[in-house]
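Spelled out from the first residue to the last, the chains are:
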Amino acid sequence: DVANTVSTFSDHAMAAFFGRFGYSYKGRYIFSSNLRYDGSSRFVAQRWGLFPSASAAWRMSDEKFFDWAKPALTDAKFRVSWGMTGNERVGNYDASNRYVIGAYYNGVLGVTQNSQIANKELSWEATEQTNIGLDLTFLDGRISFTADYYIKNTHDLLSIDNMPSELGV
């Protein structure tokens with residue numbers, strides 16, 4: 001019976017390349033950067049996404065002009081970072097038209113398009129975050145203070161909407 005036959009197949013592949021660079025001068029000036037290049041089979045138009053990030057820190061407490069605060073202030077560090085991450089969480093075939101066998105129209109078995117309209121322009125969703133922070137440690141680590149300010153924005157949000165079957169093809 002064709003009407004009761006169900007068949008599913010799913011295939012998904014990803015590839016990623018990344019590089020990292022880090023530098024620290026006397027533990028006082030610290031820098032790090034990352035670069036990711038991710039690919040996903042879930043997209044047709046733009047399979048690859050580039051996601052960079054970088055961070056820097058300055059241990060102010062190691063500077064000569066901070067000697068006046070010791071021994072009460074054990075450590076003081078200023079941090080700043082920026083980065084992007086990618087998201088490809090959509091269905092494996094949301095960029096392609098899909099059809100369903102087994103739909104009945106006036107008692108006749110037929111084929112109809114799935115309730116999702118294909119979007120061939122689907123691409124990577126990117127989240128961008130900027131962070132500024134300050135770490136202070138007092139009295140040989142007995143008291144610590146951390147403050148962070150961050151901004152987080154998501155671009156090209158991935159969303160798949162189901163369409164009513166009455167919409168037609």
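Going by the structure above, here's the rest.
The sections below set out a description of the structure shown in this document. Not measured: the values here are computed from a predicted model. (Residues numbered from 1 in each chain as written. Predicted model: local features only at pLDDT ≥ 70, side-chain atom pairs only at ≥ 80, totals over all residues. Heavy atoms only, no water.)

**Details of the nonpolar core**
Condition: Only buried residues count toward a nonpolar core, which is a set of Ala, Val, Leu, Ile, Met, Phe, Trp, Tyr and Cys residues joined through side-chain atoms within 4.5 Å. The cut-offs for exposure are 20% and 50% of the maximum accessible area for each residue type, with area from a 1.4 Å probe on protein chains only; residues under the lower value are buried, those over the upper are exposed, and the others partly exposed. In what follows, a contact means two residues having at least one pair of non-hydrogen atoms within 4.5 Å.
The biggest cluster of nonpolar side chains holds seven residues, and these are Phe43, Phe51, Val90, Leu122, Trp124, Ala126 and Leu158. Discounting residues that sit within four places of it in the chain, Leu158 has contacts with Phe43, Asn87, Glu88, Arg89, Val90, Leu122, Ser123 and Glu125. Residues Phe66, Ala69, Leu73 and Ala76 belong to the second largest nonpolar core, which totals six residues.

**Focus: the packing of aromatic side chains**
Stated precisely, the cut-off is as follows: Classification of ring pairs uses Phe, Tyr and Trp, with its six-membered ring standing for Trp, and accepts pairs whose centres are within 6.5 Å; under 30 degrees between planes counts as stacked, over 60 as edge-to-face, and the remaining range as tilted. The numbering of helices and of strands both runs from the N terminus, where a helix is a DSSP run of H or I of at least 4 residues and a strand a run of E of at least 2.
Tallied over the entire structure, the rule returns nine aromatic pairs. Judged by centre distance (4.9 Å) and plane angle (15°), the rings of Tyr37 and Trp48 are stacked. Residue Tyr37 is found in strand 2 (residues 29–40), and its partner Trp48 is found in strand 3 (residues 48–59); the two are separated by eleven residues along the sequence. Assessed through its relative accessible area of 31%, Trp48 is described here as partly exposed. Relative to Phe65, the ring of Trp58 lies with its centre 6.3 Å away and its plane at 55°, an arrangement referred to as tilted. Joined through ring pairs, the aromatic side chains of Trp58, Phe65, Phe66 and Trp68 make up one cluster.

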